[in-house]
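What the coordinates show
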There are 2 protein chains.
Amino acid sequence: MNDIKQFLRSNSLRPTKQRIVIAGYLFDGTDKHITAESLSTELTKRKHIISLATIYNTLHDFYENGLLKKLILSSDRVYFDTNTDDHHHFYSEKDQFLIDINKNIKVNGLPKTPKNKKINKIEVIVHLDK
Amino acid sequence: MNDIKQFLRSNSLRPTKQRIVIAGYLFDGTDKHITAESLSTELTKRKHIISLATIYNTLHDFYENGLLKKLILSSDRVYFDTNTDDHHHFYSEKDQFLIDINKNIKVNGLPKTPKNKKINKIEVIVHLDK
DNA sequence: TATCAGTTTAGAATGATTCTAAAGTGTTGA
DNA sequence: TCAACACTTTAGAATCATTCTAAACTGATA
């Protein structure tokens, strides 16, 4: 709990009740893929009632501070990933199925980066099913 | 024009006025990345007034019939790509910048596909800037 | 050319996300 | 310890891409 406060502070986030609860859940040591909706459901299940607006704010704040990765996989919801290491994903739209690929993937044969641009990150999505 | 009609028919799409216009624009030989909005703007510029609903319907129909690729890159709009070959993309969210990578990319080191799943496609997105 | 299934369309509805502005709360300095 | 204020939270409204509805229209067929 004080760990969490310190953790938030060290990421320039004021440790409010809500952020402490959310961070406590998200960063419990197990990698998680969540959406605003799924996070809200999970917190409610644990008797922590936090408004959706705050959940959106918090996910955004955590993302902006590098505590979460944002995944754009579907047009109807945004996923966040608590694993912020460089990694990739298996994804099944049909089954809402999302698994990290932590193995070291190599992408070979990339052409020259467009003029005046820098590569920020390379994302590999392995789409399953159809 | 009759080419386009045949083209639509051969893809089990009834060649309506609107579809002919849209297909004529989309499949003119040059690869295009479009959104419903950008397509609407482009058609309006060419004096072809087609309702947004029809534009959405048509993009969806073309996609369902394999004439377009769908690209989920941003949470606030869906891109379609007239290049349906296996290929990848450079993408800059900041600049709404999207370029095909047609070179042969190889992704090495993928782990085993999850049980009972089949790989549908592998998508590589090279994110530029930040 | 009549008929009808497939299409188009205006306008309403949807739903995730963002915005607003008012009330609440960490933090800081004295 | 506490006043003061900047930062947060929140309910509810607003936004906006996309989908839905159901009525009018049209390509295909016989």
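Before going into details, it helps to say that this report is about the structure given with it. (Residues numbered from 1 in each chain as written. Chains lettered and ligands numbered in written order. Predicted model: local features only at pLDDT ≥ 70, side-chain atom pairs only at ≥ 80, totals over all residues. Heavy atoms only, no water.)

1. Remarks on the overall build of chain A
Stated formally: Helix and strand definitions here come from DSSP, where helices need a minimum of 4 consecutive H or I residues and strands a minimum of 2 consecutive E residues; each element is numbered from the N-terminal end. Only protein chains enter the calculation, and the probe is 1.4 Å; a residue is then buried if its accessible area is under 20% of its type maximum, exposed if over 50%, and partly exposed in between. Note on areas: these come from Shrake-Rupley sampling with a 1.4 Å probe, and a residue is covered only by the protein chains present in the view. The positive count covers Lys and Arg only, the negative count covers Asp and Glu only, and His and the chain ends enter neither. By convention, the charge on Lys lies at NZ, on Arg at CZ, on Asp at CG and on Glu at CD.
Within chain A, the regular secondary structure consists of four helices and seven strands. The secondary structure elements of chain A, listed N-terminal to C-terminal, are α-α-β-α-α-β-β-β-β-β-β. By principal-axis analysis of the C-alpha atoms, chain A measures approximately 50 × 35 × 25 Å. Looking at chain A residue by residue over its 130 residues, the buried ones come to 42%. For chain A, the accessible surface area stands at approximately 7500 Å², while carbon and sulfur atoms represent 48% of it. Of the charged side chains in chain A, 21 are positive and 16 negative; the average position of the first set lies 6 Å away from that of the second.

2. A closer look at the interface of chain A and chain B
For clarity, the cut-off: Contacts are assigned to residue pairs with any non-hydrogen atoms lying within 4.5 Å of each other. We define buried area as the total accessible area lost by two parts upon association, computed with a 1.4 Å probe and summed across both. Throughout this description, the term salt bridge denotes a Lys or Arg side-chain nitrogen within 4 Å of a carboxyl oxygen of Asp or Glu.
Taken residue by residue, the interface counts 38 residues in chain A and 38 residues in chain B. Summing both partners gives a buried area of about 3200 Å² for chain A against chain B, and 60% of it is carried by carbon and sulfur. When the buried area of chain A at its contact with chain B is split by residue, Ile72(A), Lys117(A) and His127(A) rank highest and sum to 17% of it. Scanning the region where chain A abuts chain B turns up four salt bridges.

3. Things to note about the protein's contact with DNA strand D
Here is the rule we go by: Proximity criterion: a residue is near a molecule or strand once any of its heavy atoms comes within 4 Å of it. The term polar contact refers here to a pair of N or O atoms within 3.5 Å; inside protein, the definition further demands a hydrogen-donor-capable atom paired with an acceptor-capable atom, and it admits residues adjacent in sequence only when both atoms are side-chain atoms. Under the scheme applied here, ten amino acids are nonpolar (Ala, Val, Leu, Ile, Met, Phe, Trp, Tyr, Cys and Pro), four are charged (Asp, Glu, Lys and Arg), and all others, including Gly, are polar.
Close contacts around DNA strand D come from 18 residues, with Thr16(A), Gln18(A), Thr54(A), Tyr56(B) and Val78(B) the closest. Arg14(A) places a side-chain nitrogen or oxygen 3.0 Å from a sugar or linking oxygen of DNA strand D. Take Tyr56(B): an N or O atom from its side chain is 2.5 Å from a phosphate oxygen of DNA strand D. The dominant element in the surface near DNA strand D, judged by the number of residues it contributes, is helix H4 (residues 52-64) of chain A, at three residues. Partitioning the surface near DNA strand D into residue classes produces six nonpolar, five polar and seven charged.

4. Brief notes about the sheet that holds strand E1 (residues 33-34) of chain B
Whether parallel or antiparallel, the strands of a sheet pair through hydrogen bonds between backbone atoms. Residue and element names in this part refer to chain B. What counts, and what does not: Any two strands are treated as partners once DSSP identifies two or more bridges connecting them.
A sheet is described by the order of its strands in space; here three strands give the open sequence E1-E3-E2, paired in antiparallel fashion. The open sheet has two edge strands, E1 and strand E2 (69-74), and neither has a second partner. Across four bridges, E2 lies against strand E3 (residues 77-81) in antiparallel orientation. Each residue of the ladder has a partner; that of Lys-70, found in E3, is Phe-80.

5. A look at the relation of the copies chain A and chain B
Note the following rule: Copy-to-copy superposition: least squares on the C-alpha atoms, limited to residues that have pLDDT of at least 70 in both copies.
At an RMSD of 0.0 Å, chain A and chain B line up after a rotation of 180° and a shift of 0.0 Å along the axis. The symmetry that links the two subunits is that of a two-fold axis.

6. Structural notes on the pairing of strand E7 (residues 119-128) of chain B
Where strand E7 (residues 119-128) of chain A lies against E7(B), nine bridges are found, and the strand directions are antiparallel. Counterpart to Glu123(A) in the pairing with E7(B) is Ile125(B). Relative to E7(B), strand E4 (residues 88-92) of chain B runs parallel, the two sharing three bridges. By the bridge assignment, His89(B) is partnered in E7(B) with Ile125(B).

7. Some words on the sheet that holds strand E1 (residues 33-34) of chain A
Read from one edge of the open sheet, three strands run E1-E3-E2 (chain A), paired in antiparallel fashion. Every other strand in the sheet has two partners, leaving E1 and strand E2 (69-74) of chain A as the edge strands with one partner each.

8. Some points on the packing of helix H2 (residues 17-26) of chain B against helix H3 (residues 36-45) of chain B
All names here are of chain B. Rules: Structural elements are reduced to axes, namely lines fitted to C-alpha atoms, with helices fitted over the stretch in contact, and the angle between N-to-C directions of any two is expressed from 0 to 180 degrees. Throughout this description, any angle smaller than 35 degrees is read as roughly parallel, any larger than 145 degrees as roughly antiparallel, any in the 65 to 115 degree range as roughly perpendicular, and the remainder as oblique.
Close contact between H2 and H3 brings their axes to 11 Å; oriented N to C, the two are set at 100°. Here H2 lies roughly perpendicular to H3, going by the angle between them. Packed against H2, whose contacting residues are Val-21, Ile-22, Tyr-25 and Leu-26, the element H3 presents Leu-39, Glu-42 and Leu-43 at the interface. Residue classes in the contact of H2 with H3 are distributed as six nonpolar, no polar and one charged.

9. So, unusual backbone geometry
You will see that Asn116(A), though not glycine, has its phi angle at about 65°, which is positive. Turning to its location among the elements, Asn116(A) is positioned in the loop between strand E6 (106-108) and E7. At Ser12(B), a position not held by glycine, the phi torsion is positive, near 50°. Tracing the backbone through its elements, the reader meets Ser12(B) in the loop between helix H1 (2-9) and H2. With a relative accessible area of 63%, Ser12(B) lands in the exposed category.

10. So, the environment of Asp129(A)
Looking at the secondary structure, you find Asp129(A) in the segment after E7. Classification of Asp129(A) as buried rests on a relative accessible area of 16%. Each C-alpha atom, one on Asp129(A) and one on Lys117(A), is 34 Å from the other, the two residues being twelve residues apart in sequence. Excluding anything up to four places from it in sequence, Asp129(A) contacts Ser92(A), Lys94(A), Asp95(A), Lys117(B), Lys118(B) and Asn120(B). At 2.8 Å, the side chain of Asp129(A) and the side chain of Ser92(A) are in polar contact. Of the polar contacts made by the side chain of Asp129(A), one reaches the side chain of Lys117(B); its length is 3.4 Å.

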